[in-house]
Amino acid sequence: MSIRTDKTDNAKAALEAILFAMGESVELIKLAQAVGLSELKTKELLDEIRQECDQEDRGIRLLELNGSYQFCTKKEYFDCLITIAKTGKKPSLTDVMIETLAIVAYRQPITKGEIEAIRGVKSDHAVNKLIEYDLVQELGRLDAPGRPILLGTTEVFLRYFGLDSMEELPELSPVLLEDFKAEAEAEIPI
């Protein structure tokens, strides 16, 4: 076993960090440039990382794919990954999405045009993401010119916010409601 320098130790840790963060294969030349070592020295360090992953009881291994390297899960842990992947993840909602969702929840059934009139801006992206996350759904079509889609919340919405029914939504304060109405009316051009 050779004596290491701090630069080599740091380079090995940096290689692990890069491969972990990238999540896909990275070419040897790019890895070498990133850690400031020759391709030969970088390959030696990658071979050491591979040996450590193979010898130790670790859940990952290092693959070499046509001169590129990538971390992947060992086959024996595939079932554990599937268990987690099936559970899904809670969607991350932006402020715009939360605002749009609140409008839908309190005013449903509502059209996208009505949402945009309330918000004062286009809401295509927010509405589409809420539909993708299954928090909002199409309830039908309004019997009006163009037959716009009516939107409403879903059962997933109720579960996401821990509600048994829409009646459990917090009531809007009458004072706040009047303030919102006054603010909206002030923004309407004369």
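All of these numbers come straight from a predicted model, not from anything done at the bench.

It is not clear to me how the overall build of the chain should be interpreted in this structure. Could you clarify?
For the chain, the count of helices and strands is nine helices and six strands. For the chain, buried positions account for 27% of its 190 residues. Here the chain displays about 13,200 Å² of accessible surface, and carbon together with sulfur accounts for 55% of that area.

Would you explain unusual backbone geometry in this entry?
Along the chain, Gln108 connects to Pro109 via a cis peptide bond; the corresponding omega equals -10°. Summarising the element assignment, Pro109 is placed in the loop between helix H5 (95-107) and strand E4 (110-111). Even without being glycine, Asn66 reaches a positive phi, approximately 50°. Its place among the elements puts Asn66 in the loop between strand E2 (60-65) and strand E3 (68-73).

Looking at this model, I keep getting lost on the pairing of E3. Mind explaining?
Side chains on a regular strand alternate between the two faces of the sheet. Counting buried positions along E3 gives five out of six residues, so the element sits mostly inside the fold. Looking at chain direction, strand E1 (residues 26-27) and E3 are connected through two bridges and run antiparallel. Bridging across to E3, Val26 finds its partner in Tyr69. With six bridges joining them, E2 and E3 adopt antiparallel strand pairing. Among the inter-strand pairings, Ile60 is bridged to a residue of E3, identified as Thr73. Counted between consecutive antiparallel strands, the loop separating E2 from E3 contains two residues, among which Asn66 sits at a positive phi close to 50°.

Where do I start with the state of the cysteines in this structure?
Two cysteines whose sulfur atoms are joined by a covalent bond form what is called a disulfide. Scanning all chains against the criterion turns up zero disulfides. Free cysteine Cys53: the closest other cysteine sulfur is in Cys72, separated by 9.3 Å. With relative accessibility at 0%, the residue Cys53 sits in the buried group.

Quick notes on the rules
Residues numbered from 1 in each chain as written. Predicted model: local features only at pLDDT ≥ 70, side-chain atom pairs only at ≥ 80, totals over all residues. Heavy atoms only, no water. Helix = DSSP H or I, 4+ residues; strand = E, 2+ residues; numbered from the N terminus. Buried < 20%, exposed > 50% of the residue type's maximum accessible area, 1.4 Å probe, protein only. Areas by Shrake-Rupley, 256 points an atom, 1.4 Å probe, with all protein chains shown as cover. Pairing = 2+ DSSP bridges. Disulfide = S-S within 2.5 Å.

Note that all results are geometric; they support no functional claim without further evidence.
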